[in-house]
Amino acid sequence: MGLTDLAVIARSDGTREKIANPRYLRSRERRLARAQKVLSRTQKGSRNRAKARVRVAVAHRKVRESRLDHHHKLALRLIRENQTVAVEDLCVNGLARTRLAKSVHDAGWSILVRLLEEKAARYGRTLMKIDRWFPSTRKCSLCAVVSEKKPLHVREWVCVCGAVLDRDYNAAVNLIDAAGLAESLNACGPDVRLRLAGATGVESGTHRTEDTTCVPA
């Protein structure tokens, strides 16, 4: 899970996918600010203030319900399509105290994980949480070498083995390994693993990528 892409998915069948972050709060921030400004300029106890307060509440409710609807649909699709889903156990409370707090709350990671848990229980699927200290981002999914920490703006990196890796896809493949779901992926050999974790020049929205060719540097 991330801020640029809400979810980055790698599957053991050799397909992968990026789900763009809709950013419902960011997209309606100006509208919310205008409604809040109108509220602040009304007289306390007046009928206009009561109406303005309702308009602010409605605007926030639309943001909340839009995010919840999106996460419901995404969680339902992931659970229906897979027998086992592995997710990283992020420290959302800690990240919510950083300068990225607004973006973290807007992404709604905790909501998505909660919905995955509920739907997994309902449909008889398995949801696994990988320890937050597992170095999924820094570990090369091809040679297993753990590199140094990388700043958030580094989205692609080159491992000592020569593989050019996409930061998020590489982490997703490592989560597959950590969850013990890599039997079919290992059976397909390193070519499939590189195709899953490798960087590519063009990524298109939520479309699945099945034949991404990645050449080691």
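Cut-offs and rules
- Residues numbered from 1 in each chain as written.
- Predicted model: local features only at pLDDT ≥ 70, side-chain atom pairs only at ≥ 80, totals over all residues.
- Heavy atoms only, no water.
- Core = buried A, V, L, I, M, F, W, Y, C linked by side-chain atoms within 4.5 Å.
- Buried < 20%, exposed > 50% of the residue type's maximum accessible area, 1.4 Å probe, protein only.
- Helix = DSSP H or I, 4+ residues; strand = E, 2+ residues; numbered from the N terminus.
- Axes fitted to C-alpha atoms, helices over the stretch in contact; angles between N-to-C directions.
- Parallel < 35°, antiparallel > 145°, perpendicular 65-115°, else oblique.
- Left-handed = near helix turned anticlockwise from the far one by under 90°.
- Contact = heavy atoms within 4.5 Å.
- Nonpolar A, V, L, I, M, F, W, Y, C, P; charged D, E, K, R; others polar.
- Salt bridge = Lys/Arg side-chain N within 4 Å of Asp/Glu carboxyl O.
- Phe/Tyr/Trp six-rings, centres within 6.5 Å; stacked < 30°, edge-to-face > 60°.
- Lys NZ or Arg CZ within 6 Å of the ring centre and 35° of its normal.
- Expected span 1.5 Å × (residues − 1).
- Polar contact = N/O pair within 3.5 Å; in protein donor to acceptor, adjacent residues only side chain to side chain.
- Arc of directions from axis to C-beta.
- Patch = residues over 30% accessible without salt bridge, like charges linked within 9 Å, V, L, I, M, F, W, Y side chains within 5 Å.
- Areas by Shrake-Rupley, 256 points an atom, 1.4 Å probe, with all protein chains shown as cover.
- Lys, Arg positive; Asp, Glu negative; His and termini not counted.
- Charge placed at Lys NZ, Arg CZ, Asp CG, Glu CD.

**Some words on the nonpolar core**
Formed by 18 residues in total, the largest nonpolar core has its most connected members in Leu74, Trp109 and Leu116. Listed by contribution, the elements that provide at least two residues to this core are strand 1 (5–10), helix 3 (47–81), strand 3 (84–88), helix 5 (101–107) and helix 6 (109–123). The greatest single-element share of this core, amounting to five residues, is contributed by helix 6. Of all hydrophobic cores here, the second largest spans 13 residues; its members include Cys140, Cys159, Ala172 and Leu196.

**Details of the packing of helix 2 (residues 29–40) against helix 3**
At a minimum axis separation of 9 Å, helix 2 and helix 3 run at an interaxial angle of 160 degrees. Between helix 2 and helix 3, the crossing angle belongs to the class labelled roughly antiparallel. By crossing handedness, the relation of helix 2 to helix 3 is classed as left-handed. Contacts between helix 2 and helix 3 involve Leu32, Ala35, Gln36, Val38 and Leu39 from the former and Arg49, Ala52, Arg53, Arg55, Val56, Ala59, His60 and Val63 from the latter. A breakdown of the residues in the contact of helix 2 with helix 3 according to their chemical character gives eight nonpolar, two polar and three charged.

**Some words on the packing of helix 7 (residues 167–178) against helix 9 (residues 190–197)**
Two numbers describe how helix 7 lies on helix 9: the axes approach to 7 Å, and their chain directions differ by 130 degrees. Classed by the angle they form, the pair helix 7 and helix 9 counts as oblique. Across the interface between the two elements, Tyr169, Asn170, Val173 and Asp177 of helix 7 pack against Arg193, Leu196 and Ala197 of helix 9. Residue classes in the contact of helix 7 with helix 9 are distributed as four nonpolar, one polar and two charged.

**A look at the pattern of salt bridges**
Counted under the stated rule, the structure contains 15 salt bridges. The salt bridge partner of Asp166 is Lys18, with a shortest N-O separation of 3.2 Å. Here Lys18 lies in strand 2 (residues 16–20) and Asp166 lies in strand 6 (residues 164–166), a separation of 148 residues in the sequence. Accessibility assignment for this pair places Asp166 and Lys18 in one class, buried. Between Asp177 and Arg193 there is a salt bridge whose closest N-O contact spans 2.9 Å. Taken as a pair, Asp177 in helix 7 and Arg193 in helix 9 lie far apart in primary sequence, 16 residues in all. On the basis of relative accessible area, Arg193 is assigned to the buried category, the value being 9%. Each of Arg11, Glu17, Arg77 and Glu81 takes part in one network of salt bridges that share partners.

**Focus: the packing of aromatic side chains**
The tally for this structure, following the rule as stated, stands at zero aromatic pairs. The positively charged end of Lys150 is found above the aromatic ring belonging to Trp157, 4.1 Å away from the centroid.

**Observations concerning helix 7**
Taking 1.5 Å of rise per residue, twelve residues should cover 16 Å, and helix 7 covers 17 Å from first to last C-alpha, within 8% of that figure. Within helix 7, nine of the twelve residues are buried, which leaves the element mostly enclosed by the surrounding structure. Buried residues of helix 7: Arg167, Tyr169, Asn170, Ala171, Ala172, Val173, Asn174, Leu175 and Ile176, and no others. The backbone nitrogen of Asp168 has a side-chain oxygen 3.0 Å away, supplied by the residue at the start of helix 7, namely Asp166.

**Description of helix 6**
Compared with the 21 Å implied by 1.5 Å per residue over 15 residues, the 21 Å span of helix 6 between its first and last C-alpha is a close match. Buried residues of helix 6: Trp109, Leu112, Val113, Leu115, Leu116, Lys119 and Ala120, and no others. Looking straight down helix 6, one finds its buried side chains confined to an arc of 160 degrees; they lie on one side. For helix 6, exposure combined with an orientation more than 90 degrees from the buried face picks out Ala121 and Arg122. Buried residues along helix 6 sit against strand 1, helix 3, strand 3, helix 4 (92–95), helix 5 and strand 4 (126–130).

**Considerations on a positive patch on the surface**
Among the surface-exposed residues, Arg30, Arg31, Arg34 and Lys62 lie close enough to one another that they form a single positively charged patch. Per element, the largest residue contribution to the positive patch is three residues, and it comes from helix 2. Of note, Lys62 is situated in helix 3.

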